[in-house]
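Below are the chains, spelled out letter by letter.
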Amino acid sequence: MKKRQRYPVLYELKGLIRSQGKTYRSLSKETGMSVDSLNNKLNGYSPVDSDDVEILVLALGIKPDTENIVKFFLPNLLRNASKQERR
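All figures in this text were calculated on a predicted structure; none of them were measured in a lab.

About the criteria used
- Residues numbered from 1 in each chain as written.
- Predicted model: local features only at pLDDT ≥ 70, side-chain atom pairs only at ≥ 80, totals over all residues.
- Heavy atoms only, no water.
- Helix = DSSP H or I, 4+ residues; strand = E, 2+ residues; numbered from the N terminus.
- Buried < 20%, exposed > 50% of the residue type's maximum accessible area, 1.4 Å probe, protein only.
- Contact = heavy atoms within 4.5 Å.
- Areas by Shrake-Rupley, 256 points an atom, 1.4 Å probe, with all protein chains shown as cover.
- Phe/Tyr/Trp six-rings, centres within 6.5 Å; stacked < 30°, edge-to-face > 60°.
- Lys NZ or Arg CZ within 6 Å of the ring centre and 35° of its normal.
- 1 Å grid on protein atoms, 1.4 Å probe; cavity = no way out; pocket = protein on both sides within 12 Å on 5 of 7 lines; lining within 4 Å.
- Points joined across faces, edges and corners; volume = space filled by probe spheres on them.
- Nonpolar A, V, L, I, M, F, W, Y, C, P; charged D, E, K, R; others polar.
- Axes fitted to C-alpha atoms, helices over the stretch in contact; angles between N-to-C directions.
- Parallel < 35°, antiparallel > 145°, perpendicular 65-115°, else oblique.
- pLDDT = per-residue confidence, 0-100.
- Salt bridge = Lys/Arg side-chain N within 4 Å of Asp/Glu carboxyl O.

*Asks:* Can you lay out the overall build of the protein chain for me, pointing to particular residues and giving the numbers?
*Replies:* Scanning the protein chain from terminus to terminus reveals six helices and zero strands. Burial statistics for the protein chain: of 87 residues in total, 33% are counted as buried. Taking as baseline every contact in the protein chain between residues at least 6 positions apart, the subset at least 24 positions apart corresponds to 60%. Total accessible area on the protein chain is roughly 6100 Å²; 50% of this is exposed by carbon and sulfur atoms.

*Asks:* Please give an account of the packing of aromatic side chains that cites residues and values.
*Replies:* The tally for this structure, following the rule as stated, stands at zero aromatic pairs. Across the ring face of Tyr 45, the terminal group of Lys 3 is positioned such that the distance to the ring centre comes to 5.1 Å.

*Asks:* Give me the lowdown on the layout of surface pockets, citing residues and values where you can.
*Replies:* The space that makes up the largest pocket amounts to roughly 150 Å³. What lines the largest pocket is Tyr 7, Pro 8, Leu 10, Lys 41, Ser 46, Pro 47, Val 48, Val 53, Phe 73 and Leu 74. Per-class residue counts for the lining of the largest pocket are eight nonpolar, one polar and one charged.

*Asks:* Pulling in residues and values, what's your account of the packing of helix α2 (residues 24–31) against helix α4 (residues 50–60)?
*Replies:* Any two packed helices are characterised by how steeply their axes cross, that is the angle between the axes, and by the distance between the axes. The interhelical angle for the contact between α2 and α4, taken along N-to-C directions, is 110°, at an axis separation of 10 Å. The angle between α2 and α4 falls in the class roughly perpendicular. Note on element contacts: α4 touches α2 through Ile 55, Leu 56, Ala 59 and Leu 60, opposite Leu 27, Glu 30 and Thr 31. Taken together, the residues of the contact of α2 with α4 break down into five nonpolar, one polar and one charged.

*Asks:* Can you break down the confidence of the model for the protein chain residue by residue, with the values?
*Replies:* The share of residues in the protein chain with pLDDT of 70 or more is 90%, and the mean pLDDT across the chain is 90. In the model of the protein chain, helix α6 (residues 75–86) stands out as the element of lowest mean pLDDT, 71, in contrast to α2, which has the highest, 97.

*Asks:* Lay out the pattern of salt bridges with the relevant residues and their values.
*Replies:* With the rule as written, the count across this model stands at two salt bridges. With a closest N to O distance of 3.2 Å, Lys 22 and Glu 30 form a salt bridge. Owing to a relative accessible area of 19%, Lys 22 belongs among the buried residues under this scheme. Judged by its relative accessible area of 46%, Glu 30 is partly exposed.

*Asks:* Describe the environment of Pro 8, with residues and values.
*Replies:* Its location among the elements puts Pro 8 in the segment before α1 (11–19). Along the primary structure Pro 8 and Leu 42 are separated by 34 residues, whereas in three dimensions their C-alpha atoms are 8.3 Å apart. Sequence-distant contacts of Pro 8, defined by excluding residues within four places in its chain, comprise Gly 44, Pro 75 and Asn 76.

Right, here's the structure in full:
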């Protein structure tokens, strides 16, 4: 049975992980999340909760400000806001 994406794919976060030379496996070891869980969260199959955000922010050295949290973890919010600005 094929998985269904129900959450946004976190492309910016995936790009940051790659730019730091990390893999899902290395990040999994660093965060204590399983590789499958991390993969599901980053690819939109599972939700990312506030605990996950905190763990990933610390592991990836993301500055924990509103702009970065929205950019990396709430891409639909950012996309929808820019659509409304264009109207």
